[in-house]
Amino acid sequence: MQPQQQQQQQSLPPSSNPFKRPLRLLMITIFCSLSYIFGSYSKSSNFTPSQLQHHNSLHCSHLNFTTHSHVSPPLHFEPLHRLPLPQEPVENLSFCSANFTNYLPCHDPYRERRFSVIRFSHRERHCPENDEKVRCLIPRPKGYKRPFPWPKSRDVAWFKNVPFKGLAQYKKAQNWVRVEGDRLVFPGGGTSFPKGVKGYIQEIKKVLPLKSGNIRTALDVGCGVASFGAFLMDYNILTLSMAPRDIHEAQVQFALERGIPAILGVLSTYRLPFPSRSFDMAHCSRCLVPWTEYGGLYLLEIDRVLRPGGYWILSGPPINWRFNYNGWQREPKDLENEQMRLEDLARRLCWKKIAERGPFAVWQKPTNHLHCTQKIKTWKSPQICPKPDPDSAWYIPMDSCITPLPNVNDIREISGGGLEKWPKRLNAVPPRVKTGTIEGITIKSFNEDNQLWKRRVSYYGVILKSLSDGKYRNIMDMNAALGGFASAMDKYRVWVMNVVPSVAKMNTLGIVYERGLIGTYMNWCEAFSTYPRTYDLVHAYGVFSMYKDKCDFIDILLEIYRILRPQGSVIIRDHVDVVMKLKGIIDQMRWNGKVLHSENGPFLDEKILLVDNSED
């Protein structure tokens with residue numbers, strides 16, 4: 001409403017007629033609506049995603065009578081495009097040929113042949129250039145069915161959804177996976193626990209406080225079919241399982257089909273795409289990583305992503321070599337020397353070995369570096385890294401040095417601050433917020449963001465009825481910020497992959513991990529490190545405004561199509577001009593997209609584009 005109009009209303013004398021008050025409210029509503037219609041499209045084109053938050057406090061919001069029990073019908077209008085949006089015409093998008101069913105753009109086995117096999121660099125991300133990108137819809141395999149709901153999916157999957165027999169045959173003796181009729185069955189076996197992961201975890205439980213709530217986030221390197229992470233969920237431990245695309249065909253795809261967090265990745269030349277101090281625990285079960293080679297580079301990277309006081313579990317060679325050298329077909333002396341080098345490296349990292357029990361050994365990272373800085377000088381240890389940003393990890397080469405921990409004044413302090421036990425950790429103010437590590441993020445803004453996302457997710461439950469029906473398990477948040485969306489989604493039986501775009505103005509992924517959540521860095525101009533059809537719901541808040549000058553909307557939407565399950569859903573929340581541009585593309589993708597008002601009603605220029613395939 002214009003200031004002049006407000007002044008005119010204030011100058012009106014009070015009326016003694018009680019029927020004039022509803023009429024006045026009606027007139028105000030009409031004026032606000034007209035102001036929105038004539039004003040929203042004459043705004044400056046200098047819109048940025050950060051302005052979306054500001055719009056929530058616009059005047060006239062007290063006249064918004066929208067409630068969560070009523071959703072307005074889909075909107076049908078075309079705005080006058082004032083934003084500098086890509087204007088490339090949308091071609092008719094057709095399906096790719098059948099050989100693209102399991103296409104991995106950035107992990108393509110044909111493209112990786114161009115790269116060196118030294119240090120497995122050919123297994124890292126190698127994405128196609130713009131002129132190499134595939135612009136078609138990835139088809140589902142013949143006979144595809146909706147995956148089993150969680151928790152049944154942990155133990156069984158449809159074979160035709162992931163039609164690969166190789167792993168069942170190659171790892172038959174280790175009970176990774178079996179093919180039984182039209183189903184894949186996961187008995188819970190693994191290379192180091194062929195008799196079952198439950199017993200293996202029970203042994204770890206005798207050493208580590210798995211049920212205490214202190215261990216919440218874990219990283220499983222070389223995860224197989226992720227049975228370790230699957231059964232750690234019984235302890236409320238959220239494990240991100242990681243493995244490369246290699247001869248163990250589709251192991252990460254098996255994991256995600258089971259409803260277990262997993263990502264394609266390898267310890268090679270670049271840092272893992274996580275901030276420093278992310279995980280309470282890291283695990284390797286015969287993952288074949290040469291831990292002591294290259295100056296201990298890979299164990300130094302595990303040290304970077306482990307929280308102060310975090311644990312590293314290793315099973316397989318060389319642990320317990322005296323009893324296993326025959327089975328490994330290795331010489332005892334070689335294994336003994338390998339373990340001695342490993343023990344020495346861990347000592348020079350200031351790690352403390354707390355157990356070697358049966359098939360595994362456990363080390364603990366120090367809670368701070370007060371003592372370590374003195375020992376480094378006498379032990380000829382790797383030096384402390386001089387670089388100032390240990391959280392930067394998108395295509396950043398690994399460093400052969402120890403990642404410094406935040407300074408403390410007392411040996412009993414935890415560097416960076418201690419975390420609450422789970423589940424209190426989820427909504428407690430993270431240490432990175434308390435200490436003002438990221439400029440502009442305060443305790444107040446963190447708490448407000450939490451409340452904001454609770455309201456938004458509550459509204460999502462109204463417009464997307466299947467959200468509460470148990471049809472969704474694997475969720476992707478393409479622009480996670482502080483993790484508010486994932487926190488609000490905790491009431492459902494889901495897990496969320498929180499993505500912080502590499503182009504975001506603030507690197508907030510460390511805050512996400514301090515809340516007991518998991519995620520990764522990502523550039524949405526490229527393809528995500530996952531297989532097709534691995535996520536049930538994709539949430540994109542402000543993503544397309546963020547990338548409007550960086551890459552084509554079509555390519556981002558095609559990537560969403562690739563990773564989304566056929567019965568999955570998409571929630572895009574963005575500026576109305578962006579939303580309507582996307583609606584035109586989605587119509588060419590054989591998706592049924594609807595444009596809706598947000599929970600804030602019709603007076604704001606932030607809209608929702610909803611794609612709901614749950615009934616297909």
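Preceding block: the structure.
Values in this document were obtained by computation on a predicted structure and should not be read as measured data.

### Re the pairing of strand β15 (residues 564–575)
Turning to step 1, where the next piece is worked out: Extensive coverage of β15 is indicated by the burial of twelve of its twelve residues.
Turning to step 2, where the next piece is worked out: Where β15 and strand β17 (residues 606–612) come together, seven bridges link them in antiparallel fashion. Across the sheet, residue arginine 573 finds its bridge partner in β17, namely isoleucine 608.

### Comments concerning the sheet that holds strand β3 (residues 183–185)
Turning to step 1, where the next piece is worked out: Strands sit in the order β1-β3-β2 across an open sheet of three strands; the sheet is antiparallel. Bordering the open sheet on either side are β1 (156–158) and β2 (178–180), each of which pairs with just one other strand. Neighbouring strand axes in the sheet, compared pairwise and without regard to direction, differ in orientation by 30° on average.
Turning to step 2, where the next piece is worked out: One ladder, built from three bridges, connects β2 with β3; its direction is antiparallel. Bridge pairing in β3 links arginine 178 to valine 185.

### With respect to the sheet that holds strand β16 (residues 593–597)
Turning to step 1, where the next piece is worked out: Ordered in space as β13-β12-β11-β14-β15-β17-β16, the seven strands form an open sheet in which the pairing is mixed. Two strands close off the open sheet at either side, each with one partner strand: β13 (518–522) and β16. The average undirected angle you get between the axes of adjacent strands in this sheet is 20°.
Turning to step 2, where the next piece is worked out: Most of the contacts of helix α13 (residues 443–463) go to β17, to which it runs at about 45°, and overall it touches β14 (535–541), β15, β16 and β17.
Turning to step 3, where the next piece is worked out: Each of β15, β16 and β17 touches helix α18 (residues 576–586); the most contacted strand, β15, lies at about 150° to it.

### Quick look at the side chain of histidine 107
Turning to step 1, where the next piece is worked out: Position of histidine 107 relative to the elements: it lies in the loop between α3 (51–55) and β1.
Turning to step 2, where the next piece is worked out: Within the structure, histidine 107 has its side chain in polar contact with the side chain of serine 529 (distance 2.9 Å).
Turning to step 3, where the next piece is worked out: Those residues in contact with histidine 107 that sit more than four places away from it in its chain are Arg123, Glu124, Arg125, Arg245, Leu264 and Ser529.

### Focus: the pairing of strand β12 (residues 495–501)
Turning to step 1, where the next piece is worked out: Taken across its seven residues, β12 has seven buried, putting it largely inside the fold.
Turning to step 2, where the next piece is worked out: A two-sided burial pattern is seen for β12, the buried positions comprising Trp495, Met497, Val499 and Pro501 on one face and Val496, Asn498 and Val500 on the other.
Turning to step 3, where the next piece is worked out: For strand β11 (residues 474–477) and β12, the ladder comprises four bridges, and the chain directions are parallel. Its bridge partner being in β12, asparagine 474 is matched across the sheet by tryptophan 495.
Turning to step 4, where the next piece is worked out: Following the chain from β12 across helix α15 (residues 509–514) to the adjacent parallel β13, one finds a crossover that is right-handed.

### Points about the state of the cysteines
Turning to step 1, where the next piece is worked out: Enumeration according to the criterion identifies six disulfides in this entry.
Turning to step 2, where the next piece is worked out: Between the sulfur atoms of cysteine 284 and its disulfide partner cysteine 287 the distance amounts to 2.0 Å. One disulfide, between cysteine 284 and cysteine 287, carries an S-S torsion of -95° and so falls in the left-handed class. Of the two residues, cysteine 284 and cysteine 287, neither departs from the other in class, the shared state being buried.
Turning to step 3, where the next piece is worked out: The partner cysteine of cysteine 350 in its disulfide is cysteine 372, sulfur to sulfur 2.0 Å. Disulfide cysteine 350 to cysteine 372: torsion about the S-S bond roughly 85°, handedness right-handed. Taken together, the residues span a long stretch of sequence, with cysteine 350 in the loop between α10 (332–348) and β9 (352–357) and cysteine 372 in helix α11 (residues 370–379) at a distance of 22 residues.
Turning to step 4, where the next piece is worked out: Looking at cysteine 350, the relative accessible area reads 14%, which means it is buried.

### Re the nonpolar core
Turning to step 1, where the next piece is worked out: In terms of nonpolar packing, the biggest core is built from 158 residues, with Leu210, Met281, Trp291, Trp312, Met476, Met489 and Phe544 touching the most fellow members.
Turning to step 2, where the next piece is worked out: When residues of this core are assigned to their parent elements, the largest contribution, eight residues, is made by helix α17 (residues 553–563).
Turning to step 3, where the next piece is worked out: For methionine 476, the residues in contact, after removing those within four places along its chain, are Met497, Val499, Trp524, Phe528, Tyr535, Leu537, Val538, His539 and Ile563.
Turning to step 4, where the next piece is worked out: Val433, Ile438, Phe446 and Leu482 belong to the second-largest nonpolar core, a separate cluster that totals seven residues.

### Examining the packing of aromatic side chains
Turning to step 1, where the next piece is worked out: For the structure shown, the criterion picks out 23 aromatic pairs.
Turning to step 2, where the next piece is worked out: An angle of 80° between the planes, with centres 6.1 Å apart, marks the rings of tryptophan 453 and phenylalanine 485 as edge-to-face. Taken together, the residues span a long stretch of sequence, with tryptophan 453 in helix α13 and phenylalanine 485 in helix α14 (residues 484–488) at a distance of 32 residues. A single burial state applies to tryptophan 453 and to phenylalanine 485, both of which are buried.
Turning to step 3, where the next piece is worked out: Against the face of tryptophan 422 rests arginine 216, its NZ or CZ located 3.5 Å from the ring centre.
Turning to step 4, where the next piece is worked out: One Lys or Arg, arginine 456, reaches over the ring of tryptophan 453 and ends 4.7 Å from the middle of that ring.

### Section: the side chain of aspartate 555
Turning to step 1, where the next piece is worked out: Structurally, aspartate 555 can be placed in helix α17.
Turning to step 2, where the next piece is worked out: The class for aspartate 555 is buried, based on a relative accessible area of 17%.
Turning to step 3, where the next piece is worked out: Of the polar contacts made by the side chain of aspartate 555, one reaches the side chain of arginine 135; its length is 3.1 Å.
Turning to step 4, where the next piece is worked out: Setting aside chain neighbours within four positions, we find aspartate 555 in contact with Lys133 and Arg135.

Parameters at a glance
- Residues numbered from 1 in each chain as written.
- Predicted model: local features only at pLDDT ≥ 70, side-chain atom pairs only at ≥ 80, totals over all residues.
- Heavy atoms only, no water.
- Buried < 20%, exposed > 50% of the residue type's maximum accessible area, 1.4 Å probe, protein only.
- Helix = DSSP H or I, 4+ residues; strand = E, 2+ residues; numbered from the N terminus.
- Pairing = 2+ DSSP bridges.
- Axes fitted to C-alpha atoms, helices over the stretch in contact; angles between N-to-C directions.
- Contact = heavy atoms within 4.5 Å.
- Polar contact = N/O pair within 3.5 Å; in protein donor to acceptor, adjacent residues only side chain to side chain.
- Right-handed = clockwise from strand over helix to strand, strands pointing away.
- Disulfide = S-S within 2.5 Å.
- Core = buried A, V, L, I, M, F, W, Y, C linked by side-chain atoms within 4.5 Å.
- Phe/Tyr/Trp six-rings, centres within 6.5 Å; stacked < 30°, edge-to-face > 60°.
- Lys NZ or Arg CZ within 6 Å of the ring centre and 35° of its normal.

All we've got here are geometric facts, nothing functional implied.
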